Amino acid sequence: METKKNGTEAIPYKIYLDEQEMPTHYYNVRADMPIKPAPLLNPGTHQPMTAEELSGVFCTELVKQELDNETREIAIPEEIRNFYRMYRPSPLVRAYELERKLGTPAKIYYKFEGNNTSGSHKLNSAITQAYYAKNQGLKGLTTETGAGQWGTALSMACAYLGMDLKVYMVKGSYEQKPFRREVMRTYGATVTPSPSDTTEAGRRILAEHPGTTGSLGCAISEAVEYAVTHEGYRYVLGSVLNQVLLHQSVIGLEAKTAMEKYGIKPDIIIGCAGGGSNLGGLIAPFMGEKLRGEADYHFIAVEPASCPSLTRGVYAYDFCDTGMICPLAKMYTLGCDFIPSPNHAGGLRYHGMSPILSELYHEGLLEARSVEQTRVFDAAQYFARIEGTLPAPESSHAIRVAIDEALRCKETGEEKTILFGLTGTGYFDLVAYQQYNDGTMTDYIPTDEDLARSLSRLPKME
Ligand SMILES: *Cc1c(COP(=O)(O)O)cnc(C)c1O
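Residues numbered from 1 in each chain as written. Predicted model: local features only at pLDDT ≥ 70, side-chain atom pairs only at ≥ 80, totals over all residues. Heavy atoms only, no water.

Considering the overall build of the protein
This is how it is decided: The helix and strand labels rest on DSSP assignments: H or I over at least four residues marks a helix, E over at least two residues marks a strand, and numbering proceeds from the N terminus. Each radius of gyration reported is based on C-alpha atoms, and the globular scaling rule is 2.2 Å times the count of residues to the power 0.38. Accessibility here uses a 1.4 Å probe with only protein chains present; expressed as a share of the type maximum, an area under 20% marks a residue as buried, one over 50% as exposed, and anything in between as partly exposed. Residue contacts are counted whenever heavy atoms from the two residues lie within 4.5 Å of one another. Only the protein chains shown count as cover for residues, and the accessible areas themselves come from Shrake-Rupley with a 1.4 Å probe. Counting rule applied: Lys, Arg positive; Asp, Glu negative; His and chain ends not counted. To locate a charge, the coordinates of NZ of Lys, CZ of Arg, CG of Asp or CD of Glu are taken.
Scanning the protein from N- to C-terminus turns up 19 helices and 15 strands. Its C-alpha radius of gyration of 21 Å places the protein within 12% of the 23 Å reference for a compact globule of 462 residues. Taken over the C-alpha atoms alone, the protein extends approximately 60 × 50 × 45 Å along its principal axes. For the protein, with 462 residues in total, the buried portion stands at 65%. The contacts in the protein between residues at least 6 apart in sequence include a share of 75% that link residues at least 24 apart. In the form shown here, the protein has an accessible surface area of approximately 17,000 Å², with 50% of it arising from carbon and sulfur atoms. Side chains of the protein carry 45 positive and 57 negative charges; the gap between the two charge centres is 3 Å.

As for the layout of surface pockets
Leftover empty space is mapped by rolling, across the atoms, a probe with the size of a water molecule. Put simply, the test is: Put plainly, a pocket is an open set of points on a 1 Å grid over the protein atoms alone with protein on both sides within 12 Å along at least five of seven lines, a cavity is a set where a 1.4 Å probe fits but cannot get out, and a lining residue has an atom within 4 Å of a point. Grid points are joined across faces, edges and corners, and a volume is the space filled by probe spheres set on the points. Residues are grouped as follows: Ala, Val, Leu, Ile, Met, Phe, Trp, Tyr, Cys and Pro are nonpolar; Asp, Glu, Lys and Arg are charged; all remaining types, including Gly, are polar.
By volume, the largest pocket amounts to about 250 Å³. If you trace the largest pocket, you find it lined by His209, Asp337, Phe338, Ile339, Pro340, Ser341, Tyr444, Pro446, Asp450, Arg453, Ser454 and Arg457. Broken down by class, the residue content of the lining of the largest pocket amounts to 5 nonpolar, 3 polar and 4 charged.

Examining unusual backbone geometry
The amide bond that connects Arg88 to the next residue, Pro89, takes the cis arrangement and shows omega of -10°. A cis amide bond, omega 0°, links Ser194 with the succeeding residue Pro195.

Quick word on the sheet that holds strand E6 (residues 140-145)
To summarise the sheet geometry, strands pair through backbone hydrogen bonds and adopt either a parallel or an antiparallel arrangement. Rules: Strand pairing is defined by DSSP finding a minimum of two bridges between the two strands. An axis is simply a line fitted to the C-alpha atoms; with a helix, the fit covers only the stretch in contact. Between two such axes, the angle follows the N-to-C directions and lies from 0 to 180 degrees.
Judged by pairing direction, the sheet is parallel, and its 4 strands sit side by side in the order E8-E7-E6-E9 without closing on themselves. The open sheet has two edge strands with one neighbour each: strand E8 (190-194) and strand E9 (233-235). Pairwise comparison of adjacent strand axes, ignoring direction, gives a mean angle of 20° for this sheet. In this structure, E6 lies alongside strand E7 (residues 164-170), joined through 6 bridges in parallel fashion. In the sheet register, Thr145 faces E7, and the bridge partner there is Met169.

Points about the pattern of salt bridges
Just so we agree on the cut-off: We define a salt bridge as a side-chain nitrogen of Lys or Arg found within 4 Å of a carboxyl oxygen belonging to Asp or Glu.
By the definition in use, this model includes 31 salt bridges. Salt-bridge contacts for Arg81 lead to Glu78; the nearest nitrogen and oxygen are separated by 3.4 Å. Here the residue Arg81 and the residue Glu78 both occupy positions in helix H3 (residues 78-85), the gap between them amounting to 3 residues, near one helical turn. We note a salt bridge from Asp450 to Arg453, for which the minimum N-O separation is 3.7 Å. Placement of both Asp450 and Arg453 in helix H19 (residues 448-455) is noted, with a separation of 3 residues, approximately one turn of the helix. Using a relative accessible area of 18% as the deciding quantity, one classes Asp450 as buried. Given a relative accessible area of 53%, Arg453 falls into the exposed group.

Notes on the sheet that holds strand E10 (residues 268-272)
In spatial order, the strands read E1-E4-E5-E15-E10-E11-E14; together these 7 strands make up an open sheet with mixed pairing. Taken across any chain shown, the strands that pair with only one partner, and hence form the sheet edges, are strand E1 (14-15) and strand E14 (367-371). Summarising the sheet, strand E5 (residues 107-112) and strand E15 (residues 417-422) pair through 6 bridges and their orientation is parallel. Residue pairing for E15: Ile108 is matched across the bridge by Ile418. Contacts from helix H13 (residues 277-291) reach E10, strand E11 (298-304) and E15 within the one sheet, and its direction differs from that of E10 by about 155°.

Re empty space enclosed by the protein
Note the following rule: Marked domain ranges trace back to an automatic or database domain assignment.
Per the counting criterion, the structure on display carries 7 cavities of 30 Å³ or more. For the largest cavity, the calculated volume is near 330 Å³. Lining of the largest cavity is provided by 31 residues; of these, Lys122, Leu216, Ser239, Gly275 and Gly347 occupy positions nearest its centre. Listed by contribution, the elements that provide at least two residues to the lining of the largest cavity are E6, helix H6 (149-161), helix H10 (216-228), H13 and helix H17 (393-412). Residue classes in the lining of the largest cavity are distributed as 10 nonpolar, 18 polar and 3 charged. Each of domain 1 (3-25 + 88-119 + 245-455) and domain 2 (56-75 + 122-242) gives at least three residues to the lining of the largest cavity. Its boundaries defined by the atoms lining it, the second largest cavity holds a volume of some 80 Å³. Every residue lining the second largest cavity is listed: Leu40, Val57, Phe58, Val224, Tyr235, Leu237, Leu241, Cys320, Cys326 and Pro327. A per-class count over the lining of the second largest cavity returns 10 nonpolar, no polar and no charged. The two domains that each donate at least three residues to the lining of the second largest cavity are domain 1 (3-25 + 88-119 + 245-455) and domain 2 (56-75 + 122-242).

Written out as structure tokens, the structure reads:
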């Protein structure tokens, strides 16, 4: 196929970058935000967390990145770039077949992050966090995992660097996805279902909510508790934090470089939003242009109707974890003891949202939509049958809205260019697909009373 770089010639199904075109620096969108995301607060004093306080939980270099609102570009260490070279650059795919089937004049692209064993984008930050911890001479890490992608990604990173790893896995997923656990154990991690009776936080949650299937918030409490009570351990988080969005900027940087090679400019950029890391990373360099007034884009965050932090939450300081031991973050939240129904998109079952995305959303720079689970799986099945890839339920939220937007273009005749993040594959989500195929999948949407209950328990701020 003949390709030229003037934007009018044929664009290949897959746009790959050469290794030397991969980013050498992470892009820190906070540097271009006129209003910075609100700082993390000490839960006791309500004062901004200092670097010293944060270094009890996170390793030094990551604390620096977490607090750095000014440095636009942060170099990616060569060792991390070498690890990236084993599975990156990830392809940018033109969904020609999907466009044809939909009969839309829209041009649809997706950035596919599922091309590694962990099956998602999470490896991009896992390796970076583990690398800095190792550099600091730490022995091991602790973390939580929902659907299991983050735990798997971190297991891979820790195995590569020779570090110990303790994973607290949301109980519902632990039971639904026994094979996830075995992947993590194969990479050397210890996996405990959460809430468990191995920590204070776990025992307290079990006493208050007997029989709970758990949540990311509970699992975070347990993992943090283990880290702060064991010498040589630190806690790492797979989403939400500023540092994680920073690492995930490789997704957007690669996508932007690939599009520019062919003179393509997206009109609409869509991503699913759990804690906000893949979306934050995908949109980062585009949002930077928007913030600097150089270009305009329409950004859409897609969340499950069962856990609608942006669309139905409030913008307030809240705990990042159900156990209320983590710092307070100002974010769109449903309340830290909101335990969402067991939606199958485990990676999207988080009560809060990245402070960066929350601030951008608050300023109207980002749109948010919530979608119901069965409509998400309609899109997942449609996409799998046409484009071949079996998508993760989380990613399928973005597919749903990309299809909705493409169908809108069909009505209006607009030839918009749509870019969405296909964050991962769904091989470990077959219980969910089974329910969908059997017609037993349900859509649970919390009532206003449900939300009011958990929101009434937000921490009181002066
Ligand atoms: C974890 C996960 C997500 C959601 O997390 P974000 O931090 O919001 O990106 C989305 N897709 C997949 C496949 C995931 O594993």
